[in-house]
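Structural characterization, general
Spelled out from the first residue to the last, the chains are:
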Amino acid sequence: MSGLNTSLRQARRAKNDEFYTQRTDIEKEVRHYKVHFEGKTVYCNCDDPRVSEFTKLFLLKFESYGLRKLIATCYRNTNPDIFTLEAEERGASIMVADAESAASGGVIETLDGDGDFRSAECIELLKEADIVVTNPPFSLFREYIAQLMAHDKKFLVVGNQNAITYKEIFPLIQSNALWLGITPKGQDMLFDVPEDRAVELVENGKEGSAYRVVNGVVKGRLGNAAWFTNLDHNRRHEPLLLWRRYAEEPELFPKYDNYDAINIDKTADIPEDHDGPMGVPITFLDKYCPEQFEILGITDRGNAYGLKTKEYMPADTPEYGNLNRRGAIRANGGLQSTYARILIRRRRG
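Let me begin by describing the structure that accompanies this report. Model, not experiment: these values are computed from the prediction. (Residues numbered from 1 in each chain as written. Predicted model: local features only at pLDDT ≥ 70, side-chain atom pairs only at ≥ 80, totals over all residues. Heavy atoms only, no water.)

**With respect to the overall build of the protein chain**
We apply this condition: Numbered from the N terminus, helices here are DSSP runs of H or I no shorter than four residues, and strands are runs of E no shorter than two. The rule is simple: take the accessible area with a 1.4 Å probe, protein chains only, and divide by the maximum for that residue type; under 20% is buried, over 50% is exposed, in between is partly exposed. Any two residues whose heavy atoms approach within 4.5 Å are treated as being in contact. Using a 1.4 Å probe, accessible areas were evaluated by the Shrake-Rupley method; residue-level cover was limited to the displayed protein chains.
Along the backbone of the protein chain there are 11 helices and 18 strands. By the burial criterion, 47% of the 349 residues in the protein chain qualify as buried. Expressed as a percentage of contacts within the protein chain between residues at least 6 apart in sequence, the contacts between residues at least 24 apart total 69%. As displayed, the protein chain has an accessible area near 17,400 Å², and 48% of this comes from carbon and sulfur atoms.

**Quick word on helix α2 (residues 23-30)**
In an α-helix, one turn spans 3.6 residues; hence positions three or four apart end up facing the same way. The condition that has to hold: Think of the arc as the fan of directions from the helix axis to the C-beta atoms.
Within the span of α2, buried status applies to D25, I26, E29 and V30. The buried residues of α2 occupy one face: seen down the axis, they fall within an arc of 120°.

**Some remarks on the sheet that holds strand β5 (residues 107-110)**
In plain terms, the rule: Note on pairing: two strands pair once DSSP finds at least 2 bridges between them. Throughout, an axis means a line fitted to C-alpha atoms (over the contacting stretch in the case of helices), and angles, computed between N-to-C directions, take values from 0 to 180 degrees.
Strand order across the open sheet formed by eight strands is β5-β4-β3-β2-β6-β7-β12-β8, with mixed pairing between neighbours. The open sheet terminates on both sides in strands that have one partner only, identified here as β5 and β8 (179-180). Two strands pair when backbone bridges link them, and strand β2 (residues 41-44) and strand β6 (residues 131-134) are joined in this way by two bridges, in the parallel orientation. Note that in β6 the partner of Y43 across the bridge is V132. Where α2 meets the sheet, it contacts β6, β7 (154-160) and β12 (225-229), and its direction lies at approximately 35° from that of β12. Strands in contact with helix α7 (residues 120-128) are β2, β3 (69-73), β4 (93-97) and β6; relative to β3, the strand with the most contacts, it is inclined by about 160°.

**Describing the pairing of strand β15 (residues 293-298)**
Of all six residues in β15, five are buried; the element is thus mostly enclosed. Of the strand pairs in this sheet, β15 and strand β18 (residues 342-346) are connected by five bridges, and their pairing is antiparallel. If you follow I295 over to β18, its bridge partner there is I344.

**Side note on the pattern of salt bridges**
Quick reminder of the rule: Here a salt bridge means any side-chain nitrogen of Lys or Arg lying within 4 Å of a carboxyl oxygen belonging to Asp or Glu.
According to the stated counting rule, one finds 23 salt bridges in the structure shown. In this structure, K56 and E53 form a salt bridge, with 3.7 Å as the shortest nitrogen-oxygen distance. Placement of both K56 and E53 in helix α4 (residues 53-60) is noted, with a separation of three residues, approximately one turn of the helix. Put simply, D116 and R118 hold a salt bridge, and the shortest N to O gap is 2.7 Å. Owing to a relative accessible area of 12%, D116 belongs among the buried residues under this scheme.

**Observations regarding the sheet that holds strand β13 (residues 262-263)**
Read from one edge to the other, the open sheet built from four strands follows the order β13-β14-β18-β15, with strand pairing classed as mixed. A strand with exactly one partner marks an edge of an open sheet, and here the two such strands are β13 and β15.

**Describing the nonpolar core**
Generally speaking, a soluble globular protein has its nonpolar side chains buried in company with each other. Defined as follows: Among buried residues, those of type Ala, Val, Leu, Ile, Met, Phe, Trp, Tyr and Cys that are joined through side-chain atoms within 4.5 Å constitute a nonpolar core.
With 46 residues, the main nonpolar core has I145, F228, I270, L285, F293, I342 and I344 as its most contacted residues. Elements with a minimum of two residues in this core: α7, α8 (141-150), β7, α9 (170-174), β12, β14 (278-280), β15 and β18. When residues of this core are assigned to their parent elements, the largest contribution, four residues, is made by α8. Apart from the residues within four sequence positions on either side, I342 is in contact with F170, M278, G279, V280, I282, L285, I295, G297 and I298.

**What about the packing of aromatic side chains?**
The following threshold applies: Within 6.5 Å between ring centres, the rings of Phe, Tyr and Trp (the latter by its six-membered ring) count as paired, and their orientation is classed by plane angle as stacked under 30 degrees, edge-to-face over 60, tilted in between. Two conditions define a charge located above a ring, namely a distance within 6 Å from the ring centre to NZ of Lys or CZ of Arg, and an angle within 35 degrees of the ring normal.
Tallied over the entire structure, the rule returns 11 aromatic pairs. Consider the rings of F37 and Y65, whose centres lie 5.4 Å apart with planes at 20°: the pair is stacked. Of the two residues, F37 is situated in helix α3 (residues 34-37) and Y65 in helix α5 (residues 62-65); the sequence distance between them amounts to 28 residues. When the ring centre of F117 is taken as reference, the NZ or CZ atom of R118 above it lies at 5.3 Å. Sitting over the face of the ring of W179, R236 holds its NZ or CZ atom 3.6 Å from the ring centroid.

**Overview of α7**
Where α7 is concerned, the buried positions are C122, I123, L125 and L126. Burial along α7 is one-sided: seen end-on, the buried residues are contained in an arc of 160°. Along its buried surface, α7 packs onto β2, β3, β4, β6 and α8.

**A closer look at unusual backbone geometry**
The backbone of D152 shows a phi angle near 55°, a positive value even though the residue is not glycine. Looking at the secondary structure, you find D152 in the loop between α8 and β7. For D152, a relative accessible area of 70% corresponds to the exposed category. Here the phi dihedral of N332 falls at roughly 55°; this positive angle occurs in a residue that is not glycine. Looking at where N332 falls in the secondary structure, it is placed in the loop between β16 (328-331) and β17 (334-337).

This is a description of form; function is not addressed.
Quick look at the structure:
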């Protein structure tokens, strides 16, 4: 039974990974990094060169972006219950394009292995690349980012915004080794999906929430998608305009009962006159300027950052378990848990 459950979980994750980014969303983000592509080799290591919009875009922009080489590889899964037969028939492919072949679509061949980004074959290609740009499997996001960091690669990839809170990802954000792209986190993104996945979305999902129909075509919807990168862009150096004052409206900023910090419900409400720790929503990262703020940690159940001042016990409150997961504030005569908060402090000067 455990083997069956494992297979079902793998199948569910694989279906959730079958979202193919649209050209408009890719170009909307990628165009801001043109300066980084000059003379570089770009590797799209989760992209079928025949259908990937990432590959098509870079082939189209090969000359204007000044690329040296473009490489694209895709994975061939041998389990027909997880991936479509069409994908299985295509096999694991590699496309290589240079200045001479880009206009004609590059040279496409069959890989020796299955095209898994973790395979020795694909890792050798990764070593050759300067920048990786793709939409990796969300279910393998931790492992995917870890590989890029281990090989000291520049990257621009799509991920689930919930990855911000992963214990493997947040420390990279805190240390400014990784940050969000220019497209606001959680902005509605539509994705192309295989036909069988489209049927499943219509049968089991809610239109406008799980999917949308555009010109008669079912598009998967991910309202929690985000771009993750370590390529610098001007937006992250624009300071946030602060206008509220803690001294004038202290009631708007209650102090946590279990963290030495005040709670901020909206990024726009960060006060300009408070120099101590503040807990802000995850949406703050869309406006985060490292020259203006320092990231101290995040409210979490394990207190990995040593910022928690109190652990609740059953004798304290029947809700102690939930309260220990996040920051707690006193309201309406009791304690209430907040959503995940990033703990920050204004940089002096």
